[in-house]
Amino acid sequence: MMESSLGISESKCVTTVRGHELRGGQKEPRLLSLLECSGQFKLDILANPDAIVLSPVPQLSIPINNHFQLIREAEEVLLIDISNNTTVRIRLRGEQTPEFVLELQDDMHTQSFIQHVMKAKQQAEGRNSLQNKMEPVVPGPVKGCVPIPPQRGTSKSTSNNIKNSTLVQPLNTDSVLSLVTDFGFEENFNHALKVEEKKNQQNRIVAQRDPPPPPVPPLPPRKPTNLTAGPTPKERPSPAQSATPVRHDYNSVDRSVSWSDSPSNYSMRQAMMSSHTGSREGLIKYRLGKKEKEYVDIQNFRFFIGTWNVNGQSPDSTLEPWLCCVPDPPDVYALGFQELDLSTEAFFYMDSSKEQLWVDAIERSLHPKAKYIRIRIIRLVGMMLVVYVNKAHKNYIRDIASESVGTGLMNKMGNKGGVAVRFVFHNTSFCFVNTHLAAHVDDYERRNQDYKDICARMSFHLLDYPPLNIVKHDVVIWLGDLNYRLCLLDAVEVKRLIADNDLQSLQEYDQLNLQRMTKRAFTDFMEGELNFIPTYKYDAKSDRWDSSGKCRIPAWCDRILWRGSNVKQLHYRSHMELKTSDHKPVSSLFIIGVKMVNDQRYKKVFEEIVRDMDRMENDFLPSLSLTCREFTFENVKFRQLQRQSFLITNDGQVPCTFAFIPKLNDSQYCKHWLRAEPCDGVLDPNEKIEIFLEVYVSKDSVTLLNSGEDKIEDILVLHLDRGKDYFITISGNYLPSCFGTSLETLCRMKKPIREIPITKLIDLGEDGCMEKEKSRMNFLLDSAGAEDKPLKIPKEVWLLVNHLYTKACQQEDLFQTPGLQDELQSIIDCLDTSIPESIPGCNHSVAEALLIFLEALPEPVLCYELYQRSLECSHDNRLCKQLISQLPRAHRNVFRYLMAFLRELLKHFIDNNLNANLLATLFASLLIRPPPKLASKQMSSDRQRATDFILGFLMGGDED
């Protein structure tokens, strides 16, 4: 049996093209030269569009006739987003052709296929005017690709096609529908296209085409060992894009990412579908980035940065004294707000009626000497960041993305945290971060923790780009209500120093300055001189210091800091004219040098790099050396990060591209509890980089480890492009935790979980929640005898709730203020190893530990099987009580115990600032969770019904 280089079998009925299948009913498709003239048009079938773009090869061709039928088969009739590893099938059936099924990797490849059908039609029309002369169809380069000169052995015609090709524009549905009609495709393809268009409208709105900007070079790959390194390889378009108008997506959907997210699609595609041309392209980008100084010039632009905590108020006056305080119009505005909305609806549902009020007030008050367009707005509860640019610069802004990180309760509530917007302006990448950090004078450690969490968790994801964190930008500007106070606790003395204008002495007590000096937070950031009086706290509508009973000490809570090169601050000031809030707005004007590409010098550098690579390419192969290939992580615990590292060195004579790739049949390169950072990159000869291996057991992986279904064992595959694979072994032992263990199992444990043999834990973990209750297992883990009954509720739940009941009922902002991470870990260890008389840590840490416990349960308190029924009966308190009575014993007891505790808390609402709606919303998200398969489909109405379910028990009488 013969097999071609494309993997097409001459004798099999199922044909594979680069990992995809074409099935023929009668005979296999033939390899046809695109230059053949047979009197009929040929449709170019791209089984793997990305790989074909990077490495043009003879393509499989199928004749088109007037009765050809193209049918899209997928899950899209349900409007479900197709994941990256979901196969999309396109069935082709013709009058003189057997039926084929083209299996594409995902929706992106399907789009590419349809785009090439469009291009085929256009070329067909052109050929008809030239007496049906047939010419090859060559796809345009992938976004961000560098045009590669012909390699040795590459035909001149092929290289010319690559050189002259342009980007394929985003899919135009009208054109495709026209194409379907012209080609005689049947109407059953139209439905799939309409569904596709509906999906596209949900995810993006593409602006009108604009004149093209000058050509801009790509950046080098990430340099993770240097935290101040510039952006990543695909942040800038290649010269190939210079002939194509820039498409601005000013309303792209924001996306947040958790620690345990899978590795970027970029890494997997690079590893699994890399080719010689793709490797060459990446290396050229890398070298262009390293020689950037040889072809860029610096031009200055004006950036206006503003921050204001508006204390939940609506705008009551013009904002011109703040936004128009400079004579010349800024080129960019970045404006951050905090406490935009203090309502419960904003806290839990992200809805706010005040957002548009403030946006309208801003747009009425921008500098009158220029016209501005809004390029992005993002809001998380009360934090909002909006960015405007002078309309004249619109064509030079690209790669816009925004993200949010909540650092409130359980590290996700958005009452505290940050929102950020990043983009590339000409050839310089910018990141603006607006944050609201933890409050209260003594909680500077929480503020430091919030800062570190935002830095660690904020990650920007652009289509086909590797993920970017905050520090991997040329310029970062951090603004917001950072809430750092003065260590001087005598309010009279503080006000005297302010009255004497002795601000320099006062700054010696500023917590932010002290944390920066001791390198505990904002270490690499700079700040201008604080030559304005503190901006917090004032009586609303006045310039009087706080006269309430709390009499807050004045402080510089509202700050603007920056990091990066070519940044000069022109002013840093507050605006006392605006009296809407108990804070005063702050502004800073920067002159920032932006990198502009000189086309002639860029072309010269590019040609030199290509010539140099041509000389080296065929003489050497890439190679790596690793300092270690086996790693052992001892005593891994729930929510406790462990890190180890090793060095990889390029010991070859050519640059090399590396990436961690998934193993066979895996979608990710590692298990959920493991991460490698960086997971890809490029190394020059003799260059080395440190790879960090991080093990972190979250709620998503704790249950499998507790039950023994998973172990701390994995093998990482480090793939070297055009080289070999290196295998890295991960092993270790996991210490079971009561967090992530079922309520039934915990009720049968009279001892701490660490004293229970793992084999007995496995025995208890085999059945589901309802099945366990029905089976009524009689054995006890402490071997005390079958006559002993299980505990009514887990001792861990009783310990946490009893602590809060006896010590925290009057705690201010209970269940609204996050705990300290060190204290949370101590609480988890304490519950796993002992039955303590008292729980360590402050009340806020104990409260958060209770919530983490409930969130980590493998089966929520209200079992998955009863989830839908709980929503349906939420309107009737009698039906709700009947449903609770049907819960398994342990779940029923825990639910009633928690409701009794929450009702007790509400009796002290004056002291703890709690209300029934807040508690019901918070605990409903933990006690009434949808089954995993339905989690992504949960609607806001479902969340509201779950809240109503809990609210009925909080507002009703005591339970029996």
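The following refers to the structure shown. (Residues numbered from 1 in each chain as written. Predicted model: local features only at pLDDT ≥ 70, side-chain atom pairs only at ≥ 80, totals over all residues. Heavy atoms only, no water.)

## Description of the sheet that holds strand S8 (residues 296-309)
Logical step 1: Strand order in the open sheet made by the 6 strands is S10-S11-S9-S8-S20-S19, with mixed pairing throughout. With partners counted over all chains shown, the strands left at the sheet margins are strand S10 (372-380) and strand S19 (567-574), one partner each. Across the sheet, the mean angle from the axis of one strand to that of its neighbour is 20°, orientation sign disregarded.
Logical step 2: As defined by bridge partners, S19 adjoins strand S20 (residues 586-597) across 7 bridges and the pair is classed as antiparallel. In the strand pairing of S20, histidine 571 is matched with leucine 589.
Logical step 3: Of the strands in this sheet, S8, strand S9 (332-338), S10 and strand S11 (383-390) touch helix H10 (residues 354-365), which is tilted by about 30° from S11. (Pairing = 2+ DSSP bridges. Helix = DSSP H or I, 4+ residues; strand = E, 2+ residues; numbered from the N terminus. Axes fitted to C-alpha atoms, helices over the stretch in contact; angles between N-to-C directions. Contact = heavy atoms within 4.5 Å.)

## Looking at the sheet that holds strand S29 (residues 725-734)
Logical step 1: With mixed pairing, 5 strands are arranged side by side in an open sheet as S22-S29-S28-S24-S26. Pairing within the sheet leaves two strands with one partner each, and these edge strands are strand S22 (630-636) and strand S26 (680-683). With strand direction ignored, the average angle separating the axes of adjacent strands in the sheet is 20°.
Logical step 2: Relative to S29, strand S28 (residues 713-720) is paired through 7 bridges, and the arrangement is antiparallel. Residue leucine 718 lies in a different strand from S29, and its bridge partner there is tyrosine 726.

## Considerations on the pattern of salt bridges
Logical step 1: Across all of its chains, the model carries 34 salt bridges by this definition.
Logical step 2: For aspartate 443, the salt bridge identified is with arginine 446, shortest N-O distance 3.1 Å.
Logical step 3: Looking at arginine 446, the relative accessible area reads 5%, which means it is buried.
Logical step 4: Here the residues in one salt-bridge network are Asp510, Arg516, Glu527 and Arg559, joined through shared partners. (Salt bridge = Lys/Arg side-chain N within 4 Å of Asp/Glu carboxyl O. Buried < 20%, exposed > 50% of the residue type's maximum accessible area, 1.4 Å probe, protein only.)

## Some remarks on H10
Logical step 1: For H10, with 12 residues, the first-to-last C-alpha span of 17 Å sits near the 16 Å given by 1.5 Å per residue.
Logical step 2: Along H10, the positions that sit buried rather than exposed are Lys354, Trp358, Val359, Ala361, Ile362 and Ser365. Buried residues of H10 fall within an arc of 160° about the axis and therefore sit on the same side. (Expected span 1.5 Å × (residues − 1). Arc of directions from axis to C-beta.)

## Remarks on the environment of cysteine 747
Logical step 1: Along the chain, cysteine 747 turns up in helix H17 (residues 743-747).
Logical step 2: Since its relative accessible area comes to 3%, cysteine 747 is described here as buried.
Logical step 3: Between the C-alpha atoms of cysteine 747 and lysine 795, which are 48 residues apart in sequence, the distance is 7.4 Å.
Logical step 4: The residues contacting cysteine 747, other than those within four sequence positions of it, are Pro790, Leu791, Lys792, Ile793, Pro794 and Ala890.

## Examining the nonpolar core
Logical step 1: Phe423, Phe815 and Phe949 are the most contacted members of the largest nonpolar core, which has 158 residues in total.
Logical step 2: If near-sequence neighbours (up to four positions away) are discounted, phenylalanine 949 is found in contact with Leu862, Ser870, Cys873, Ser874, Cys880, Leu883, Ile884, Phe895 and Ile928. (Core = buried A, V, L, I, M, F, W, Y, C linked by side-chain atoms within 4.5 Å.)

## Topic: unusual backbone geometry
Logical step 1: Residue tyrosine 536 is joined to lysine 537 through a cis peptide bond whose omega torsion reads 5°.
Logical step 2: The residue lysine 537 is located in the loop between helix H14 (511-517) and strand S18 (558-564) in this model.
Logical step 3: The step from glutamate 677 to proline 678 runs through a cis peptide bond, and the omega angle for that step is 0°.
Logical step 4: Of note, proline 678 is situated in the loop between strand S25 (674-677) and S26.
Logical step 5: With phi around 50°, aspartate 399 is a residue other than glycine that occupies positive phi space.
Logical step 6: Within the secondary structure layout, aspartate 399 lies in strand S12 (residues 397-406).

## Describing the side chain of serine 581
Logical step 1: Along the polypeptide, serine 581 turns up in the loop between S19 and S20.
Logical step 2: Residue class for serine 581 comes out buried when judged on its relative accessible area of 0%.
Logical step 3: A polar contact of 3.1 Å, which involves the side chain of serine 581, links it to the backbone nitrogen of histidine 583.
Logical step 4: Once you skip the residues sitting within four places of it in the chain, serine 581 turns out to touch Trp308, Asn309, Val310, Asn311 and Ala540. (Polar contact = N/O pair within 3.5 Å; in protein donor to acceptor, adjacent residues only side chain to side chain.)

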